[in-house]
Amino acid sequence: MLLSDARVQQKYEVKQIQGDELVRIMEMGLTPGSICEVIRRAPMGYPMEIKIRGYLLSLRKKETDAVEVSPI
Amino acid sequence: MSNQIITVQKELLRQPSTIALVGNPNTGKSTIFNALTGLRQKIANYPGITVERKMGTTIINGVLHKIIDLPGAYSLNHKKADERITYETLIGSYDHEEKPDLLLMVVDASNLERNLFLASQVMDLQIPMLMVLTMSDIADERGIRIQSKQLSAVWGVPVISINARSKQCDVQIKQALVEQGVATPKPFQWNPSKPLRQAVERLDMEWLSKYTQLPARARPIEALRLLAEGSLEDSFYSYSEEGKAKKLIDELQNTLEAQGENPTAAEVVQRYRFIGDSSEGSVTKEQKNEQTWTDRLDNVLTHRVAGPVIFVLVLLVMFQSIFSWATPFMDMIDMLFIEFGAFVGSSLPAGLLNSLLVDGIIAGLGGVVIFLPQIIFLFLFIYFLEGTGYMARAAFVMDGFMTKVGLHGRSVVPLMSGFACAIPGIMATRTIENWRDRLITIMILPFMACSARLPVYAVMIAAFVPDKRVIGFLTLQGLVFFGLYLFGIVMAVGSAAVMKRIFPTGKPTPFLMELPPYKWPNVSSVVIQSLERGKIFVTEAGKIIVAISIILWVLASFPTYEPTASDLADMDTNGQMSEQMLSTLQLNKSYAGTFGQWIEPAIEPLGFDWKIGIGLLTSFAAREVMVGTLNTIYSIEETEEQLGLIERLRSEIDPETGLPKYTLATALSLMIFFAIAMQCMSTLAIVKRETNSWKWPLVMFGYMTVLAYLSAWITFEWANTFLLG
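Rules used throughout
Residues numbered from 1 in each chain as written. Chains lettered and ligands numbered in written order. Predicted model: local features only at pLDDT ≥ 70, side-chain atom pairs only at ≥ 80, totals over all residues. Helix = DSSP H or I, 4+ residues; strand = E, 2+ residues; numbered from the N terminus. Rg over C-alpha atoms; globule rule 2.2 N^0.38 Å. Buried ≥ 20, exposed ≤ 12 C-beta atoms within 10 Å, placed from the backbone. Contact = placed C-beta atoms within 7 Å. Nonpolar A, V, L, I, M, F, W, Y, C, P; charged D, E, K, R; others polar. Pairing = 2+ DSSP bridges. Core = buried A, V, L, I, M, F, W, Y, C linked by C-beta atoms within 7 Å. Axes fitted to C-alpha atoms, helices over the stretch in contact; angles between N-to-C directions. Domains from an automatic or database assignment. Left-handed = near helix turned anticlockwise from the far one by under 90°. Parallel < 35°, antiparallel > 145°, perpendicular 65-115°, else oblique. pLDDT = per-residue confidence, 0-100.

**Details of the overall build of chain A**
When you go through chain A residue by residue, the secondary structure sums to 2 helices and 5 strands. In sequence order, chain A lays out its α and β elements as β-α-β-β-β-α-β. A compact globule built from 72 residues should have a C-alpha radius of gyration of about 11 Å, and chain A, at 11 Å, falls within 12% of that. Dimensions of chain A along its principal axes, counting C-alpha atoms only, are 30 × 25 × 20 Å. The proportion of buried residues among the 72 residues of chain A is 47%. Intrachain contacts of chain A at a sequence separation of at least 6 include 54% that bridge at least 24 residues.

Structural data, given as structure tokens:
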């Protein structure tokens, strides 16, 4: 599934990153095998706030669409 | 993990050296820079781009060293202009920056893994460094303990832990530099896989070392970038044999894939893997399930409903305070310059030089200094809120709304500041990382109805809008006033939507915004940064503003007017002329007056005559000057309520038709023109500074003037047909 479909307060394992910006997204710590938790969504649904490697990161829809995850 | 023997170098600090601060954004890097340099800093744009170069000096053991605060970066893969400067400077191939002799590698202890990612890249460049751990109190709160000694052993560089918010942080760093020294890290400590290492070696040997001028220590990391990128795009150095490089990169990428490695991802994945593995010995994590301060605050401040409401309240408090704090200072500055001008004017013999000094230079300087209170107060708020971590939350909460109109979550604060004055607002757009979002925000910001438009609106509304009650306490005058504000906002949103379509996208930069933990900011750093903003405005925009002031003075003062016999006869003043009449005639006969008459045919469709034409030119100094100019043109003594001017405007008769010259249609047209036109040289000067080019202020002036002209024309025609017809 994609991170954009992920549910708040759920933890996910990052499977794969796609798209042109994959290096940029991975450099922020979202590498395959890392664990992220969806913390909340902003008032209009996006950006989405996640916790990754112990810090808080927000992503817009386009970026969450590039991240494939599976629930754990 | 293999423990290393660190070869410490202390002799580097015995002679003047260049020390660079490197690190992720939000690590306390700027705070350390401010603590080390104080007000001994120089901030200017790098040539040709909008990234700021922050340079300062500090004294360590009696030796003066240069400190460079390199732009915060998440990676050395230099996709963005600021990261590119950091990268180019570190490898010593950036023409506009000195090659640093040693580095302070700033690492956020509460966010160790992602910070070590950049650190591991920087270490590959083998520059002597000291690793500075910040935010260990926040790490503590989360149950993270970092063994500096272990970390130092893993990476082979000295490590110190400091509290960047304490006043003593510069002392701690200087002491560490003297006592622990710096060490040159070994490259490739992150254990790249054999296939990746081989690919890097081949690219280095077979192309980079032969066909580029890159120093040996920079070539492996450049090889990694090329292997991930797969092309020579973004390569800033000169090279030859491009075909050879492309063929080799293709071949190496294929080999990597055949060996089961993803060439694009390999470097990032392997660095993070090593960082994760190596921190097992140096980091202990207690499992703490209780909520941290950040979690608790975020539950409220980024709440779906409460979040936006709180943000609006924060804005309200912020602008109310700026307004009430800045106003007395502005009045004082205004008074000081008027008094000073009057003093100079009366102590020097009357004449051109006197007028140049008083009306040109002193008035121009006053026009620069008057902006300082608003700029400094706005930035005190912004840097404070940025330092607490709240600004990122505000952007997070507002981003959804703002992207709908083509802007960015971080556009809100600058745009709101525009209601006070566009200048601090435009300076505040620097918090928007994405250049295109930032540019669009700058380009629409002057549509926000700033306080300098108020006097013009007030006179026109009082003179021509009937004081009628509409519904309840709402009057027609109040509604027109509100409508003008709304009109500015609508124009801003509309223009943003159009610009979003036509401005070149360039390389899209993804939105990956960090929400740093809440913390109490270092107050002296907040103050230093705000004062620096004021200094930048005065030194960089100020000279343009003074220069234009002098040009405007020339236009209004030349050719110098001497009353002729026929003028005196016309005036029927028995050969005596009041000073007011003299200045009226001086203005009317000057270049500015000629300009007004020359432009009259062009502005006639808007309902303006040559007198307003003069005002359009002179109010370029500042919008409110329009009122003063009209007073001069009509020889009316300026009063607080402008009653004389209002009366005079109402009673002006068109000599051809015998009807009133100015009507409601003229007033509406003029106000609409003022709502949109770029009638402010100071705004153009700061846009030049912030975009580092004359192109954008010229585009801004052009498109706003065209829009203003068309809107005023439509308004005039519409009002004549439907309101007066």
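Still to come is the rest of the account.
**Overview of the overall build of chain B**
Secondary structure assignment for chain B yields 30 helices and 12 strands. Projected onto its principal axes, the C-alpha positions of chain B cover 100 × 55 × 55 Å. When the 725 residues of chain B are sorted by exposure, 45% land in the buried category. If you take every contact in chain B between residues at least 6 apart in sequence, the share linking residues at least 24 apart comes to 74%.

**Quick word on the interface of chain A and chain B**
Listed as interface residues are 28 residues of chain A and, on the opposing side, 29 residues of chain B. Where the side of chain A that touches chain B is concerned, the elements lending two or more residues are α1 (22–27) and β4 (55–59) of chain A. Considering only residue class, the side of chain A that touches chain B consists of 15 nonpolar, 5 polar and 8 charged. Pairing of β4(A) with strand β12 (residues 512–515) of chain B involves 4 bridges; the strand directions are antiparallel. Bridging across to β12(B), L59(A) finds its partner in L512(B).

**Considerations on the nonpolar core**
Here is a general trend for soluble globular proteins: nonpolar side chains tend to be buried in one another's company. Grouped together as the largest cluster of nonpolar side chains are 220 residues, with contacts concentrated most on M105(B) and V132(B). Among residues more than four places away in sequence, those in contact with V132(B) are I32(B), L104(B), M105(B), V106(B), V107(B), I160(B), I162(B) and I173(B).

**Things to note about helix α8 (residues 219–229) of chain B**
All names here are of chain B. Counted residue by residue, α8 has 8 buried out of 11 residues, so it is predominantly covered. Burial in α8 covers these residues: R219, P220, I221, E222, A223, L224, L226 and L227. Where the residues of α8 are buried, they touch α3 (112–123), α7 (194–211), α9 (242–258) and α10 (266–282).

**Focus: the sheet that holds strand β2 (residues 35–41) of chain A**
Reading across the sheet, the 6 strands line up as β5(A)-β1(A)-β2(A)-β3(A)-β4(A)-β12(B) and stay open at both edges, with antiparallel pairing between neighbours. In this open sheet, the two edge strands, each paired with only one partner strand, are β5 (67–71) of chain A together with β12 of chain B. Put simply, the sheet's adjacent strands are angled 40 degrees from each other on average, direction ignored. Against the sheet, helix α15 (residues 390–404) of chain B contacts β3 (48–52) and β4 of chain A together with β12 of chain B, and its axis sits at roughly 135 degrees relative to β12(B).

**A short note on unusual backbone geometry**
The linkage connecting Y46(A) with the following residue, P47(A), adopts the cis geometry, with an omega of 0 degrees. Along the chain, the position of P47(A) falls in the loop between β2 and β3. Non-glycine residue M135(B) carries a positive phi angle of around 60 degrees. Looking at the element boundaries, M135(B) is found in the loop between β7 (129–134) and α4 (136–141).

**Some thoughts on the domain arrangement of chain B**
Domain parsing of chain B yields domain 1 (8–183), domain 2 (194–260), domain 3 (306–449 + 478–504 + 522–528) and domain 4 (534–723). Taking only C-alpha atoms into account, the centre of domain 2 of chain B sits 62 Å from that of domain 4 of chain B.

**Describing the packing of helix α12 (residues 306–347) of chain B against α15(B)**
How two helices pack is summed up by the angle between their axes together with the distance between the axes. Residues and elements named next belong to chain B. With their axes 10 Å apart at the nearest point, α12 and α15 run at an angle of 120 degrees to one another. Read as a crossing pair, α12 and α15 show a hand that is left-handed. For the pair formed by α12 and α15, the contact residues are G307, P308 and F311 on the first element and A394, V397 and M398 on the second. Residue classes in the contact of α12 with α15 are distributed as 5 nonpolar, 1 polar and no charged.

**Points about the packing of helix α21 (residues 523–557) of chain B against helix α29 (residues 681–691) of chain B**
Residue and element names in this part refer to chain B. The geometry of α21 relative to α29 is characterised by a closest axis approach of 9 Å and an angle of 135 degrees between their N-to-C directions. As summarised for this structure, α21 and α29 are arranged oblique, according to the angle between their axes. The chirality of how α21 crosses α29 is right-handed. Residues F537, E540, A541, I544, I545 and I548 of α21 form the contact with α29, whose participating residues are M681, S682, A685, I686, K688 and R689. Here the contact of α21 with α29 is composed, by residue class, of 8 nonpolar, 1 polar and 3 charged.

**Things to note about the pairing of strand β2 (residues 18–23) of chain B**
Residue and element names in this part refer to chain B. With 5 of its 6 residues buried, β2 lies for the most part within the structure. Of the pairings in the sheet, the one linking β2 to strand β5 (residues 63–69) comprises 4 bridges and is parallel in character. Across the sheet, the residue bridging to L21 is D69, located in β5. Direction of pairing for β2 relative to strand β6 (residues 102–108): parallel, over a ladder of 5 bridges. Across the sheet, residue I19 finds its bridge partner in β6, namely L102.

**Describing the confidence of the model for chain B**
The predicted model of chain B has a mean per-residue pLDDT of 87, with 95% of residues at 70 or higher. Here the complex is predicted with pTM 0.87, and the ipTM for its interfaces comes to 0.97.

**Structural notes on the pairing of β3(A)**
Consecutive side chains along a regular strand alternate between the two faces of the sheet. Residues and elements named next belong to chain A. Relative to β3, β2 runs antiparallel, the two sharing 5 bridges. Looking across to β3, one finds that C36 is bridged to I52. Counted along the chain from β2 to the antiparallel partner β3, the turn is 6 residues long, and its residue G45 has a positive phi close to 100 degrees. Two strands pair when backbone bridges link them, and β3 and β4 are joined in this way by 5 bridges, in the antiparallel orientation. In the strand pairing of β4, I52 is matched with Y55. Following β3, the chain reverses through 2 residues before pairing antiparallel with β4; R53 in that reversal takes a positive phi of roughly 50 degrees.

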